[in-house]
Amino acid sequence: MIYLDNSATTYPKPPAVSAAVSSAMKHSANPGRSGHSLSLAAASEIYNARSSAAGFFGCDNEERVIFTSGCTMAMNMALKGLLKKGDHVVVSSLEHNAVMRPLQSLAKDDITFTKAQIVPFDNEKTTDSFRKAINAKTRMIVCTHASNVWGLRMPVERLSALAHAYGLMFVLDAAQSAGVAEVTMKSGYDAVCIAGHKGLYGPMGTGILILGENILPDTIIEGGTGSSSAEFMQPEELPDRFESGTPNLPGIAGLKTGIDFVRKKGTDRIFAHELALMQYLYSRLEKMPEIKLYTPRPDAEFTLPVLSFNIDGLSSEETALRLSKRGIAVRAGLHCAPLAHESMGTLDTGAVRISPSVFTSGADIDRLIFALKRI
Ligand code: PLP
């Protein structure tokens, strides 16, 4: 199969990731709960994973790296833990439902939001849209690093600086960027929400929340941490405060190995490889009159390697089905991001999304182009 749905989750995973998951299943017990050797080994596995993630994301304090079940969980913890009754939030017009649905549910606490309209390929105007959306009640800007549908990259360092100039928090959704673009806490983000199973090549069901210094959300889940067990109060110390319950040790061990894999390959090299594939695909698709492309040619400054399109007269689902019959996996529909489709006028049709990984080859893209011509 030619797998081009890596924005959903990367496939295949590096063999070392599967090996790490398997080894953790065989050789460890509940970490931080007991003094026996299997438990201690597990605790040290988690410690190593936390250190590795902290180093990768430029976080000086590894206690601020919280393991979660994915980017959605991390985003819920950041939004619901940080926002207070009556607050206002500015989001981009490209946000995923991982941001929009928690915000929608916070409406019960009079928490409101404004969408800042993105101007593709114009960081100045995009930043201006955010500035204009800030009002007296605004407490936070939340923005995706790059659209999971269009690949459009947001000027997040500028937006973070804008937030801080107005005394606001900045929360970054790095679901699509971690592993293909630089994501570093040195940029001053207050919280970064990361998917472990996409560009970091970890197992599904893994993710990370990284909190900036001086940011302490309320908890949305409480329970056993293996520490301060005599207290009914949730501990204050990080990361225990946010990691109640038995951790997903096999997932975390796999995620660490995925991060090591990306570090060794080099984020820049992975990005250059994937971008070249998407530029090649774009240059072929733009010559096919039946294909509707929605964004300008992918480039290094303004995009991440994700490309969406439609074929005249076919629904995106039908195109994906026909590709699937030819052994090519892509994603159609709305990609859990109706806002992004609304921005591009594709809410009714959806779009066909192509997303490569480090394992995608030029020959894979040629097979896709051939199949699209036949369709
Ligand atoms: N944010 C964006 C931009 C995404 O693309 C995704 C997943 O597709 C998510 C959040 C949710 O990530 P997860 O599946 O790890 O919860």
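Note: the structure precedes this text.
Attention here is on the structure that accompanies the text. (Residues numbered from 1 in each chain as written. Predicted model: local features only at pLDDT ≥ 70, side-chain atom pairs only at ≥ 80, totals over all residues. Heavy atoms only, no water.)

## Some thoughts on the overall build of the protein chain
- Looking only at helices and strands, one finds 11 helices and 12 strands in the protein chain.
- Relative to the globule expectation of 21 Å for 375 residues, the C-alpha radius of gyration of the protein chain, 21 Å, shows essentially globular dimensions.
- Within the protein chain, the proportion of its 375 residues that are buried is 57%.
- Counted over contacts in the protein chain with a minimum sequence separation of 6, partners at least 24 positions apart contribute 69%. (Helix = DSSP H or I, 4+ residues; strand = E, 2+ residues; numbered from the N terminus. Rg over C-alpha atoms; globule rule 2.2 N^0.38 Å. Buried < 20%, exposed > 50% of the residue type's maximum accessible area, 1.4 Å probe, protein only. Contact = heavy atoms within 4.5 Å.)

## Some details on the pattern of salt bridges
- A complete count under the given rule lists 17 salt bridges for this structure.
- Linked through salt bridges whose partners overlap, the residues forming this network are Asp128, Arg131 and Lys132. (Salt bridge = Lys/Arg side-chain N within 4 Å of Asp/Glu carboxyl O.)

## Points about the site of the ligand
- Around the ligand sit 13 residues, and of these Thr72, Asp173, Gln176, His197 and Lys198 come closest.
- For the ligand, an oxygen atom lies 2.7 Å from a polar atom in the side chain of Gln176.
- When isolated, the ligand has an accessible area of 390 Å², and the protein chains bury 88% of it.
- Class assignment for the residues of the shell around the ligand results in four nonpolar, seven polar and two charged. (Near = heavy atom within 4 Å. Polar contact = N/O pair within 3.5 Å; in protein donor to acceptor, adjacent residues only side chain to side chain. Areas by Shrake-Rupley, 256 points an atom, 1.4 Å probe, with all protein chains shown as cover. Nonpolar A, V, L, I, M, F, W, Y, C, P; charged D, E, K, R; others polar.)

## A short note on the nonpolar core
- With 61 residues, the main nonpolar core has Phe57, Phe130, Ile141, Phe170, Ile194 and Ile208 as its most contacted residues.
- A per-element tally of this core places helix 7 (residues 249-265) first, with seven residues.
- Filtering out sequence-adjacent residues up to four positions away, Ile141 remains in contact with Val90, Phe130, Ile134, Leu159, Leu162, Ala163, Leu168, Met169, Phe170 and Val171.
- Counting residues in hydrophobic clusters, the runner-up holds 30 residues, among them Leu79, Leu106, Val171 and Leu339. (Core = buried A, V, L, I, M, F, W, Y, C linked by side-chain atoms within 4.5 Å.)

## Thoughts on the sheet that holds strand 10 (residues 307-311)
- Spatially, the three strands line up as an open sheet ordered 9-10-12, and their pairing is antiparallel. The open sheet has two free edges, formed respectively by strand 9 (291-293) and strand 12 (352-354), since each of these has just one partner strand. Strand-to-strand, the axes of this sheet are offset by a mean angle of 35 degrees, without reference to chain direction. (Pairing = 2+ DSSP bridges. Axes fitted to C-alpha atoms, helices over the stretch in contact; angles between N-to-C directions.)

## A word on helix 6 (residues 156-165)
- Those residues of helix 6 that sit buried are Val156, Leu159, Ser160, Leu162 and Ala163. Projected down its long axis, helix 6 shows its buried positions confined to an angular sector of 160 degrees, all on one face.
- Of the surrounding secondary structure, the elements contacted by the buried residues of helix 6 are helix 5 (123-133), strand 5 (138-144) and strand 6 (169-173).
- Just downstream of helix 6, Gly167 is the residue with a positive phi angle, here 70 degrees. (Arc of directions from axis to C-beta.)

## Some remarks on the sheet that holds strand 3 (residues 88-92)
- What the seven strands build is an open sheet, ordered 2-8-7-6-5-3-4; its pairing is mixed. Single-partner strands in this sheet number two, and they are strand 2 (65-68) and strand 4 (112-116). Going from strand to strand, the sheet's axes swing by 20 degrees on average, the running direction of each strand aside.
- Bridge count for strand 3 against strand 5 is four bridges, and the pairing is parallel. Looking across to strand 5, one finds that Val90 is bridged to Ile141.
- Lying over the sheet, helix 4 (residues 97-105) contacts strand 3, strand 4, strand 5 and strand 6, oriented at roughly 160 degrees with respect to strand 3.
- Along the sheet face, helix 6 touches strand 5 and strand 6 and points at about 155 degrees away from the line of strand 6.

## Comments concerning the packing of helix 1 (residues 15-27) against helix 7
- Interhelical geometry of helix 1 versus helix 7 gives an angle of 150 degrees and a closest axis separation of 8 Å. In terms of orientation, helix 1 and helix 7 fall into the roughly antiparallel class. As for how helix 1 packs across helix 7, the hand of that crossing is right-handed. Between helix 1 and helix 7, the residues in contact are Ala16, Val17, Ala20, Val21, Ala24 and Met25 and Leu249, Pro250, Ala253, Gly254, Thr257 and Gly258, respectively. (Parallel < 35°, antiparallel > 145°, perpendicular 65-115°, else oblique. Left-handed = near helix turned anticlockwise from the far one by under 90°.)

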